Amino acid sequence: MSKKFYITTPIYYVNARPHIGHTYTTIACDTVARRQRMMGYDTYFLTGTDEHGQKIERAAQAAGKTPQQLTDEVSGEFRALWDRMKLSYDDYIRTTSDRHKEGVQTLWRQLRDKGHIYKGSYSGQYCVYDELYVDVVGPGAPCPECGRPTETVQEENYFFKLSAFQEQLLELYTQQPDFIRPETRRNEVISFVRSGLRDLSVSRSTFKWGIPVPDDPGHVIYVWLDALANYITALGYGQADDAKYKKYWPADVHMIGKEIVRFHCVYWPAFLLAAGLPLPKSIVAHGWLLFEENKMSKSRGNIVRSETILDVLGADALRYFLLREIVFGQDGSFSFDALVQRYNSDLANGLGNLASRTLTMISRYFKGEVPYPSATAKNASDDAIAEAARKTIADFHANFAQYQFSRALETAWGLVAAVDKYIVENEPWALGEKQDEGSRTRLATVLYTAAEALRIVTALAHPVMPEATGKIWTQLGLGNIRELNLHELQWGQLKLGTRLGEVQAVFPRADKSAIERMQKMEEQGRAPVAESKPEENKTAETKSEDKPKAVAKPAAVAPEGKITIDDFAKIDLRVAQVKVAEKVPNADKLLRLEVDLGYETRQIVAGIAEAYAPEALVGRKVVIVANLAPRKLRGLESNGMIVAASLEGGKPVLAAFLEEVPLGARLK
Ligand code: MSP
């Protein structure tokens, strides 16, 4: 029986649309899963969406939707993107599914029945963004993880006896040094656990959007306990059919971003230890994808959508770029310039060019059949390529096993460069013009060597670029690349006389306009997530494109002195947070503000300087008219207007909220 391999991505929150940060983890897992399958493992690859919790409930509220509507919509977008990219996931788990709920409730009961859950009361700060209890004091104190203001929570809760697992966890990290990778993350976790663990609040009673606590439905299960359990519920844990759980659990790898290491390396193993279940074999954390120097995230409004890159360069280009450009484990920057540059140098001019020149010459000089190398026509340069290829195979495997994708690819592209040089030095085109026997056999040897090196790079790169390598494989006349056993890949397996397929360019060069096109698409696409569309006001007729305009519902007419709801809907009032506030020189009344809308930051010049000191405004949430036409005040562009009550004498008092509101929420 073949060995099994189970790999998971984090399950993504549905408060934000998918962006290339999510794609990064998912393609890394997809690549590992594909490679493991090619190495003969019975592989299971899981991804999905994390759909409960206060953050999602509020995002839905802000978008004017029910949580279920929002989760269905965004979860569907993630899945549609993965399908468009032809990712090879075996299952897609949603935490709102019945199978998941059933599994989580079983896990809860197991923890409770074994005495690891008790009722107590919690009073402290909670970060809704991270869905994390934090050790800071005072209302609004910033979250140590993300810097956002925390909220005070005072509730009767269920607690998990995390403190009881401190020693067992430390022992685990010592006995299984590979449990947490890379080393830096492992050290951070060890020092966190050594500093002492407190029991963890694992239920909430102040909102509803979660899985009810068994036998106490006034509480919902803490979203991280709910979410982490996906790794086993997806396999059938706690359900009637748990055959997959028995077969694939424990996971070989949970791949995650570095910001959720604590949940995976401390809480998750503690829950499993408490429930008496086996632990995952390893947790591999990668760094962040940065855009314009910051972590790409919806709240910073600096995301890049994968669709833009798929439209212009295709999935393989994105996959190759992310895995080649970023050293796995470290942070790395994304830019369209770098993407196009890498695409052209490594794919269009690199692998693509090697494939087309080699295969075209075999077609031209040997009627499309892989020629026979001749021992008598051999020289040291041929042996050097064979040797380089053998070393490449070994190095590639070794680096991949350590998740060092960029080094593995660098090694393989080192071989591409060596073969390019070899071709230039051996001038097959010149040999092809000569008819003598010596030139013919030398030409055969050179082209065989180039084609065999091409076959090896193509095979190694297949898990990274499934589509393009599949095409090159067919052009090499080798059939379906999925049937290849990577474990057995060796120099010299290309059969003489193999008939090539039709030769076509695989990576057409991208010109400068590709960068501009992608930038433009991003600017247009950067809209707030789950923007509420007034669908409910539309009639069936207005929604249907092919009905004549005349049947559309007539616009409502308001009595004199009143406006209609449609008139009001034209004003885009939104919650924003002041990030920067400063006096405008030589203008007593004006302040220059930079406000964060969650999906973008903008400058507003406001006449409130006499009522508010700039430093009192930073961090404060305000209401702005977001779609006001920009205008210039004292030479500064003002992009929106802050809403305030105007008291006698014109003194402004800023509108504010009593409850926590997410940035970008619309007032209506
Ligand atoms: N729902 C939790 C995870 C629960 S897992 C049991 C969550 N979701 S998330 O939507 O915020 O996704 C976080 C993960 O997405 C990161 O850990 C990482 O894998 C990926 N990334 C999201 N943005 C990223 C970058 N800018 N850069 C790299 N990875 C990023 O946390």
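The shown structure was predicted, so the numbers you read here are calculated from the model rather than taken from an experiment.

Reading guide: rules and limits
Residues numbered from 1 in each chain as written. Predicted model: local features only at pLDDT ≥ 70, side-chain atom pairs only at ≥ 80, totals over all residues. Heavy atoms only, no water. Near = heavy atom within 4 Å. Polar contact = N/O pair within 3.5 Å; in protein donor to acceptor, adjacent residues only side chain to side chain. Areas by Shrake-Rupley, 256 points an atom, 1.4 Å probe, with all protein chains shown as cover. Helix = DSSP H or I, 4+ residues; strand = E, 2+ residues; numbered from the N terminus. Nonpolar A, V, L, I, M, F, W, Y, C, P; charged D, E, K, R; others polar. Pairing = 2+ DSSP bridges. Buried < 20%, exposed > 50% of the residue type's maximum accessible area, 1.4 Å probe, protein only. Salt bridge = Lys/Arg side-chain N within 4 Å of Asp/Glu carboxyl O. Axes fitted to C-alpha atoms, helices over the stretch in contact; angles between N-to-C directions. Parallel < 35°, antiparallel > 145°, perpendicular 65-115°, else oblique. Left-handed = near helix turned anticlockwise from the far one by under 90°. Contact = heavy atoms within 4.5 Å. Expected span 1.5 Å × (residues − 1). Bend = angle between axes of the 7 residues up to and from the residue. pLDDT = per-residue confidence, 0-100.

Caption draft 1: Fine view of the site of the ligand. Of all residues adjacent to the ligand, which total 25 residues, the nearest are Ile11, Thr25, Asp50, Glu259 and Leu289. In this structure, tyrosine 13 approaches the ligand through a main-chain N or O atom, which is 2.9 Å from an oxygen atom. With respect to the ligand, the backbone of methionine 296 contributes an N or O atom lying 3.0 Å from a nitrogen atom. Protein contact buries 95% of the 660 Å² of open area that the ligand shows by itself. If you list the elements that add at least two residues to the shell around the ligand, you get strand 2 (12-13), helix 1 (20-38), helix 7 (223-228), helix 8 (230-233) and strand 13 (253-257). Taken together, the residues that form the shell around the ligand break down as 13 nonpolar, nine polar and three charged.

Caption draft 2: Structural context of the sheet that holds strand 7 (residues 151-160). Spatially, four strands are ordered 6-5-7-9 in an open sheet, and the strand pairing comes out antiparallel. Of all strands in the sheet, those bounded by a partner on one side alone are strand 6 (132-134) and strand 9 (200-201). Here three bridges tie strand 5 (residues 117-127) to strand 6, and the two strands are oriented antiparallel to one another. Looking at strand 6, one finds that cysteine 127 is bridged to leucine 132.

Caption draft 3: Focus on the sheet that holds strand 12 (residues 216-221). Across the sheet, which stays open at both edges, the three strands sit in the order 10-12-11 with antiparallel pairing between neighbours. At either end of the open sheet lies a strand with only one pairing partner, and these are strand 10 (203-204) and strand 11 (212-213). Two elements, strand 10 and strand 12, share two bridges in a ladder whose sense is antiparallel. Considered in strand 12, the bridge of arginine 204 is made with valine 220.

Caption draft 4: Structural context of unusual backbone geometry. With omega at -5°, the peptide bond leading from arginine 181 into proline 182 counts as cis. Tracing the backbone through its elements, the reader meets proline 182 in the loop between strand 8 (180-181) and helix 6 (183-194). The omega torsion across tryptophan 249 and proline 250 is 5°, close enough to zero to call that bond cis. With respect to the element layout, proline 250 can be found in the loop between helix 9 (243-248) and strand 13. Of note, the phi angle at aspartate 215 is positive, near 65°, even though the residue is not glycine.

Caption draft 5: Region of the structure containing the pairing of strand 3 (residues 42-50). Of all nine residues in strand 3, eight are buried, a share of seventy percent or more. As defined by bridge partners, strand 2 adjoins strand 3 across two bridges and the pair is classed as parallel. Among the inter-strand pairings, tyrosine 13 is bridged to a residue of strand 3, identified as aspartate 50.

Caption draft 6: Summary view of the pattern of salt bridges. Tallied over the entire structure, the rule returns 41 salt bridges. Arginine 34 is the partner of aspartate 30 in a salt bridge, and the nearest nitrogen-oxygen pair spans 2.8 Å. Residue aspartate 30 and its partner arginine 34 are both found in helix 1; the two are separated by four residues, about one turn of the helix. Exposure remark for aspartate 30: the relative accessible area of 0% places this residue in the buried category. Of the charged contacts, one joins lysine 281 and aspartate 252 as a salt bridge, the two residues approaching to 3.1 Å between their closest N and O atoms. Of this pair, lysine 281 sits in the loop between helix 10 (261-275) and strand 14 (283-286) while aspartate 252 sits in the loop between helix 9 and strand 13, and the two are 29 residues apart along the sequence. You can call lysine 281 partly exposed: its relative accessible area is 41%. Residue class for aspartate 252 comes out buried when judged on its relative accessible area of 11%. Look at the salt bridges and you will find they share partners, linking Lys4, Asp252 and Lys281 into a network.

Caption draft 7: View of the packing of helix 5 (residues 166-175) against helix 6. Between helix 5 and helix 6, the least distance of the axes is 10 Å, while the angle of their chain directions is 160°. Classified by the interaxial angle, the pair formed by helix 5 and helix 6 is roughly antiparallel. Seen from above, helix 5 lies across helix 6 with left-handed handedness. Touching Gln166, Leu169, Leu170, Tyr173 and Thr174 of helix 5 are Arg186, Val189, Ile190, Val193 and Arg194, all from helix 6. Grouping the constituent residues of the contact of helix 5 with helix 6 by class yields six nonpolar, two polar and two charged.

Caption draft 8: Representation of the environment of leucine 489 within the structure. The residue leucine 489 is located in the loop between helix 18 (466-475) and helix 19 (512-525) in this model. In this structure, the C-alpha to C-alpha distance between leucine 489 and alanine 459, residues 30 residues apart in sequence, is 8.0 Å. Not counting residues within four places of it along the chain, the set of residues in contact with leucine 489 comprises Ile393, Arg455, Ile456, Ala459 and Leu460.

Caption draft 9: Highlighting helix 10. A rise of 1.5 Å per residue sets the reference length of helix 10, with its 15 residues, at 21 Å; its end C-alpha atoms lie 21 Å apart and thus fit the reference within 8%. At tyrosine 267, helix 10 shows its largest kink, close to 25°, and the proline proline 269 lies no more than four residues downstream. With its phi angle positive at about 75°, glycine 276 sits one or two positions after the end of helix 10.

Caption draft 10: Seen up close, the environment of leucine 591. Here leucine 591 is to be found in strand 19 (residues 591-596). Distance from leucine 591 to arginine 666, taken between C-alpha atoms, is 24 Å for residues 75 residues apart in sequence. When neighbours within four sequence positions are excluded, leucine 591 is seen to be in contact with Glu582, Lys583, Val584, Ile604, Val605, Ala606, Ile608, Ala609, Tyr612, Pro614 and Leu617.

Caption draft 11: Structural context of the confidence of the model for the protein chain. When pLDDT is averaged across the protein chain, the result is 90; 94% of the residues are at 70 or more. In the model, residues 527-557 has pLDDT below 50 throughout and makes 29 contacts with residues more than four positions away in sequence or in other chains.

Caption draft 12: View of the environment of glutamate 73. In this structure, glutamate 73 sits in helix 3 (residues 67-84). The partly exposed category is assigned to glutamate 73, whose relative accessible area is 29%. Residues glutamate 73 and valine 14 lie 59 residues apart in sequence; the distance between their C-alpha atoms is 8.5 Å. A polar contact is formed between the side chain of glutamate 73 and the side chain of lysine 65, at a distance of 2.9 Å.

Caption draft 13: Broad picture of the side chain of arginine 319. Tracing the backbone shows arginine 319 in helix 12 (residues 315-325). Ignoring sequence-local partners within four residues, the contact set of arginine 319 consists of Ile27, Asp30, Thr31, Arg34, Leu87, Pro463, Val464 and Pro466.

Caption draft 14: Seen up close, the side chain of threonine 469. The residue threonine 469 is located in helix 18 in this model. A distance of 2.8 Å separates polar atoms of two side chains, one belonging to threonine 469 and the other to histidine 462. Within the structure, threonine 469 has its side chain in polar contact with the backbone oxygen of methionine 465 (distance 2.5 Å).

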